[in-house]
Every structure is written in structure tokens, then in C-alpha cells.
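# Secondary and tertiary structure notes
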Amino acid sequence: MRNQRPFLILWTLAVGASVVAFVLHLALRGRNVELGYELGKARGEQARLREVKRVLELEATSYETPQRVEVVARTLLGMQPPTADRIVPVTGLVVGPARSAPPSDSKTTPLAGARAER
């Protein structure tokens, strides 16, 4: 009986260690599945936010067109074109930026001068 005692202790420790390892494996597997669901939700939210961003960028771009500005001014703000008596002609002023001829360097091209004026 004395010979079997160390074997019984070692066998019990081995079974206990196996049970602990199995429980740890199950806990980690459950956490892995839980994180997978959270990742799926986050990716869905990311896709939704990308679509919202795309729609908002399109809407912002549409507000920059002259036609859209006119529609907003007429409908939302109730604006109308000015009547003839509200138009005051201004003489002696240059409308827009004054443009001069591009420098005639041999190094610059005509397109380079046009880019510099912008």
C-alpha cells in the first residue's frame, strides 16, 4: 500500500491539472466567441458610418452648386431676385482680380503663369 501512495498523489495532481486546463480552455474559447461578436458589431457600425459619411459628403457637395444655393435661397430663406429699383450701378470699379500678362521668361510655360494667378 505504501508503494501506491505516491502514484495516487501524482495521479490526482495530473487529473486536477487536466481539469483546470480544460476549464481554462473553455473560458478562453467563450471569451474568443464573445470578442468575435463584438468585432462583427463594430465592423457593421463602421460600415454604417462610412455610408453616412459618403451621403453627407455628397450632400455637402450639392450645397456648393449654384443651382442648389438658388433653391435654398428661394425656398428656405424666401429670397427673390432684386427688383430694378434695388439695383445700383457702380462705375469706375474693376470687377474681379486685375490680370496682367504672365512674365515672358524662357523658363516658364504659359500654363505655369496661369497656375500662379490662381
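## A closer look at the overall build of the protein chain
The number of helices and strands found in the protein chain is 3 helices and 0 strands. Going from the N terminus to the C terminus, the protein chain shows its helices and strands as α-α-α. When each of the 118 residues of the protein chain is scored for burial, the buried share is 2%.

## A word on the confidence of the model for the protein chain
Predicted confidence across the protein chain gives a mean pLDDT of 83, with 76% of residues reaching 70 or more. The element-level mean pLDDT for the protein chain is lowest in helix α3 (residues 110-117), coming to 46, with helix α1 (residues 4-63) highest at 95. Contacts for the low-pLDDT stretch residues 108-118, under 50 throughout, to residues beyond four places or in other chains number 4 contacts.

## Observations regarding the environment of tyrosine 63
The residue tyrosine 63 is located in helix α1 in this model. Residue classification places tyrosine 63 among the partly exposed positions, given a relative accessible area of 37%. Residues contacting tyrosine 63, with those up to four places away along its chain left out, are Arg68, Val69 and Val72. Only 3.2 Å separates the side chain of tyrosine 63 from the side chain of arginine 68, close enough to count as a polar contact.

## Structural notes on the pattern of salt bridges
For side chains bearing opposite charge, pairing can occur when the charged atoms are close. With the rule as written, the count across this model stands at 5 salt bridges. For glutamate 57, the salt bridge identified is with lysine 53, shortest N-O distance 3.9 Å. Note that glutamate 57 and lysine 53 are positioned in helix α1 at a spacing of 4 residues, about one turn of the helix. Take glutamate 57: its relative accessible area is 44%, and that puts it in the partly exposed class. The class for lysine 53 is exposed, based on a relative accessible area of 52%. Across the pair glutamate 70 and arginine 74 runs a salt bridge whose closest N-O atoms are separated by 3.0 Å. Linking glutamate 70 with arginine 74, this pair stays in helix α2 (residues 66-75), spanning 4 residues, or about one helical turn. Owing to a relative accessible area of 36%, arginine 74 belongs among the partly exposed residues under this scheme.

## Some points on a nonpolar patch on the surface
A contiguous nonpolar surface patch, about 830 Å² in accessible area, is contributed by Phe7, Leu8, Trp11, Val15, Val19, Phe22, Val23 and Leu26. Here valine 15 lies in helix α1. Owing to a relative accessible area of 36%, valine 15 belongs among the partly exposed residues under this scheme.

Cut-offs used in this document
- Just so you know, the residues in each chain are numbered from 1, in the order the chain's sequence is written.
- Only residues with pLDDT of at least 70 are given local features in this predicted model, and only at 80 or more are side-chain atom pairs given and counted; all residues enter the totals for whole chains, interfaces and linings.
- Hydrogens are left out, water is left out, and the side-chain values use all remaining heavy atoms of the structure.
- Secondary structure elements follow DSSP: runs of H or I no shorter than four residues count as helices, runs of E no shorter than two count as strands, and numbering proceeds from the N terminus.
- We call a residue buried when its accessible area falls under 20% of the maximum for its residue type, exposed when it is over 50%, and partly exposed in between, using a 1.4 Å probe and counting protein chains only.
- In predicted models, pLDDT denotes the confidence assigned by the predictor to each residue on a 0 to 100 scale.
- We call two residues in contact when some of their heavy atoms are within 4.5 Å.
- Nitrogen and oxygen atoms within 3.5 Å of one another constitute a polar contact, given that in protein one can donate a hydrogen and the other can accept it, and given that sequence-neighbouring residues count only through two side-chain atoms.
- Put simply, a salt bridge is a Lys or Arg side-chain nitrogen that is within 4 Å of an Asp or Glu carboxyl oxygen.
- Within the patch definition used here, like charges are joined within 9 Å and nonpolar side chains (Val, Leu, Ile, Met, Phe, Trp, Tyr) within 5 Å, considering only residues with over 30% relative accessible area and no salt bridge.
- Shrake-Rupley sampling with a 1.4 Å probe provides the accessible areas, and residues are treated as covered by the protein chains on show and by no other component.

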